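# A look at the structure
Here are the chains, one letter per residue:
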Amino acid sequence: MGKVIKIREVGDSVLERVSEEVDISKIDSQILDIIDDLKQTLEYGTGYGIAAPQIGVNKRIIVVGAKKENIKYYQYNNS
């Protein structure tokens, strides 16, 4: 089970670095732990997605999620 991690704020240097690419053919327990932490942190917060640098991890990993009760559909005119 992942843990909730403090989200980094604008101005934090980790958010300004280019993140390391993750080879999806070599996903290991370390990467899975990061994903679990991202999921827990996202669940605790109010956003719809979170990236690893936001929790201080310099890797190209994102988690996107939306709770059904939070999804809104807007009517629009497609003309």
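Read on for an overview of the structure.

What counts, and at which threshold
- Counting of residues starts from 1 at the beginning of each chain's written sequence and follows it residue by residue.
- Per-residue local features are limited, in this predicted model, to residues with pLDDT of at least 70; the limit for side-chain atom pairs, both in listing and counting, is 80 or more; totals at the level of whole chains, interfaces and linings are taken over all residues.
- Based on all heavy atoms of the structure, the side-chain values leave hydrogens and waters out of the count.
- In this description a helix means any DSSP run of H or I spanning at least four residues, a strand means any run of E spanning at least two, and both kinds are numbered starting from the N terminus.
- Only protein chains enter the accessibility calculation, which uses a 1.4 Å probe. A residue is then buried if its area is under 20% of the maximum for its type, exposed if over 50%, and partly exposed in between.
- Side-chain atoms alone can form a polar contact between residues adjacent in sequence; in general such a contact is a pair of N or O atoms within 3.5 Å, and within protein one must be able to donate a hydrogen while the other accepts it.
- In what follows, residue pairs with any heavy atoms lying within 4.5 Å of each other are defined as contacts.
- A helix is expected to span 1.5 Å multiplied by its residue count minus one.
- The directions from the helix axis to the C-beta atoms are what the arc is built from.
- Nonpolar core, defined: a set of buried Ala, Val, Leu, Ile, Met, Phe, Trp, Tyr and Cys residues in which side-chain atoms within 4.5 Å join the residues together.

Within the element layout of this structure, Thr41 appears in helix H1 (residues 29-44). Overall, Thr41 belongs to the buried group, its relative accessible area being 3%. From its side chain, Thr41 meets the backbone oxygen of Asp37 in a polar contact 2.8 Å long. Excluding anything up to four places from it in sequence, Thr41 contacts Lys3, Val4, Ile5, Ile7, Ile50 and Ile55.

What follows covers H1. Compared with the 22 Å implied by 1.5 Å per residue over 16 residues, the 22 Å span of H1 between its first and last C-alpha is a close match. Looking only at H1, the buried set comprises Ile31, Ile34, Asp37, Leu38, Thr41 and Leu42. For H1, the buried positions fall inside an angular range of 130° around the axis, keeping them on one side. Exposed side of H1, more than 90 degrees from the buried face: Ser29 and Tyr44 are the residues found there. In this structure Asp28 caps H1, since a side-chain oxygen of it lies 3.2 Å from the backbone nitrogen of Gln30.

Let us look at the nonpolar core. Judged by nonpolar contacts, Val22, Ile31, Ile34, Leu38, Leu42, Ile50, Ala52, Ile55, Ile61 and Val63 together constitute the single largest core of 10 residues. In terms of residue count, H1 provides more of this core than any other element does, four residues in total.

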